[in-house]
Amino acid sequence: MAERVVLAYSGGLDTSVGIGWLHDATGKDVVALAVDVGQGGEDMEDIRQRALDCGAVDAIVVDAKDEFANDFLMPALKANALYQKRYPLVSALSRPVIAKHLAITAKRIGADSVAHGCTGKGNDQVRFEAAVAALAPELTSIAPVRDLALTRDKAIVYAEEHNLPIRQSAKNPYSIDKNVWGRAVETGFLEDPWNAPIEDLYEYTMDPSVAKPADEITIRFEHGIPVAIDGVTLSALAIIEKMNEIAGKHGVGRIDVVEDRLIGIKSREVYEAPAAIALIAAHEALESLTLERDVNRYKRGVESEWANLVYDGLWYSGLKRSLDVFIDDTQRYVSGDIRLKLVGGRAVVTGQKSPQSLYDFSLATYDTGDTFDQSLSKGFIEIWSLPSKISARRDLKG
Ligand code: ARG
């Protein structure tokens, strides 16, 4: 029996052609694996059938939506994860869950390798292969588009010659990756960073400059995880989906950046991630209310390290695992309610409360009821500024 390779299959042109290319180049039987991470669009059953029609010996669909939300997106939310302070890691978070299913499937069916449709210029090749290496070091990764130099033009010719049932997406000039955490759009006219995005690019968000009445909602968190919207308990996945709808309606989470890829290229990226941006704003506010000053400040540094690791494909790494332990520990008090107002492209926190709140009215108030002994501040400042005073005296002496 021929060796088998499990291909991460999207149903698009590159991975459809990749089935035949992989088989021709390696002699291996190709098993297609389509992982549902909430990308929407086509029916997964249609995608499965297309893989078979394109020559896969078997095609498998995995619904990983809840797993993705619970095990990948919730840790990202607890980490308020934004790469370079802007990008909520939409694609970077989906690769480790897809890679996990590649590895599981490869082991289950006795394949010796896995494959993905990434080019040699992006981050995603690194993420797939680094994740597979960490999960199943015995497997080899093959990247037909990169390793067999499969260009788009060649792919179109191959699909026509072999009569592959591919809906011609050649007209779409953009490279798009999407899942329930957001949508990434690149290439086409966006390759010139001076070109402003056009309304047509967006799918998850409506134009924030078109005025509409604000929506206000209350999100309940338990230990850093959103558990209910307006008193209705929902799964993490359902909360994200609902937030995409409400925040998307107000154009929240449109992001336009020039980003530093791991492989050294700067790329222009347009993202829309309404739920991610609104939930991070809410979660961060609840942390301000419930975390001690030092923990909050230190955590901001950990968060940026966490985002860098995940961006760089190191989801399954020792450092990331250890940072998760720290982050999880900080979340023990991050429970409570955040009221969010969604309007004009923004998610604004308008109310915050928690049984674990560290906000003390009697300490904060300037009105009657003040229990803070202001006279203590005088001595505190004397001691606090003592090192500055001593060194200033030395510097004045010259
Ligand atoms: N630049 C982003 C990242 O590296 C998005 C990549 C999206 N992939 C795509 N094929 N459009 O995470």
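One can find the structure itself at the top, above this paragraph.
First, a word on what this report is: a plain description of the structure on this page.

Reading the values: rules and limits
- Residues numbered from 1 in each chain as written.
- Predicted model: local features only at pLDDT ≥ 70, side-chain atom pairs only at ≥ 80, totals over all residues.
- Heavy atoms only, no water.
- Phe/Tyr/Trp six-rings, centres within 6.5 Å; stacked < 30°, edge-to-face > 60°.
- Lys NZ or Arg CZ within 6 Å of the ring centre and 35° of its normal.
- Axes fitted to C-alpha atoms, helices over the stretch in contact; angles between N-to-C directions.
- Helix = DSSP H or I, 4+ residues; strand = E, 2+ residues; numbered from the N terminus.
- Left-handed = near helix turned anticlockwise from the far one by under 90°.
- Contact = heavy atoms within 4.5 Å.
- Nonpolar A, V, L, I, M, F, W, Y, C, P; charged D, E, K, R; others polar.
- Near = heavy atom within 4 Å.
- Polar contact = N/O pair within 3.5 Å; in protein donor to acceptor, adjacent residues only side chain to side chain.
- Areas by Shrake-Rupley, 256 points an atom, 1.4 Å probe, with all protein chains shown as cover.

**Structural notes on the packing of aromatic side chains**
Item 1. Summed over the entire model, instances satisfying the criterion amount to ten aromatic pairs.
Item 2. Relative to Trp 315, the ring of Trp 306 lies with its centre 5.7 Å away and its plane at 80 degrees, an arrangement referred to as edge-to-face.
Item 3. Aromatic rings pair up to connect Phe 68, Phe 72, Trp 306 and Trp 315 into one cluster.
Item 4. Geometry around Tyr 311 places Arg 127 over its ring, the cationic atom sitting 4.8 Å from the centre.
Item 5. The side chain of Lys 320 reaches across the aromatic face of Trp 315, ending 3.7 Å from its centre.

**As for the packing of helix H10 (residues 293-311) against helix H11 (residues 318-330)**
Item 1. Put simply, H10 and H11 touch, their axes get as near as 10 Å, and they point 145 degrees apart. Note that H10 runs across H11; the crossing there is left-handed. Each of Val 295, Tyr 298, Lys 299, Val 302, Glu 305, Trp 306, Leu 309 and Val 310 in H10 lies in contact with H11, whose residues at this interface are Leu 319, Lys 320, Leu 323, Asp 324, Phe 326, Ile 327 and Thr 330.
Item 2. Taken together, the residues that form the contact of H10 with H11 break down as ten nonpolar, one polar and four charged.

**Some details on the site of the ligand**
Item 1. Around the ligand, the structure places 15 residues, and the nearest of them are Tyr 87, Asn 123, Arg 127, Glu 259 and Glu 269.
Item 2. Between an oxygen atom of the ligand and a side-chain N or O atom of Arg 127, the distance comes to 2.8 Å.
Item 3. Glu 259 is positioned with one of its side-chain polar atoms (N or O) 2.9 Å from a nitrogen atom of the ligand.
Item 4. Expressed as a share of its isolated accessible area of 350 Å², the protein-covered part of the ligand is 89%.
Item 5. When residues of the shell around the ligand are traced back to their parent elements, those giving at least two are helix H4 (90-109), helix H5 (124-135), strand S6 (175-179), strand S7 (182-186) and strand S12 (266-272).
Item 6. Per-element tally for the shell around the ligand: the top contributor is S6, with three residues.

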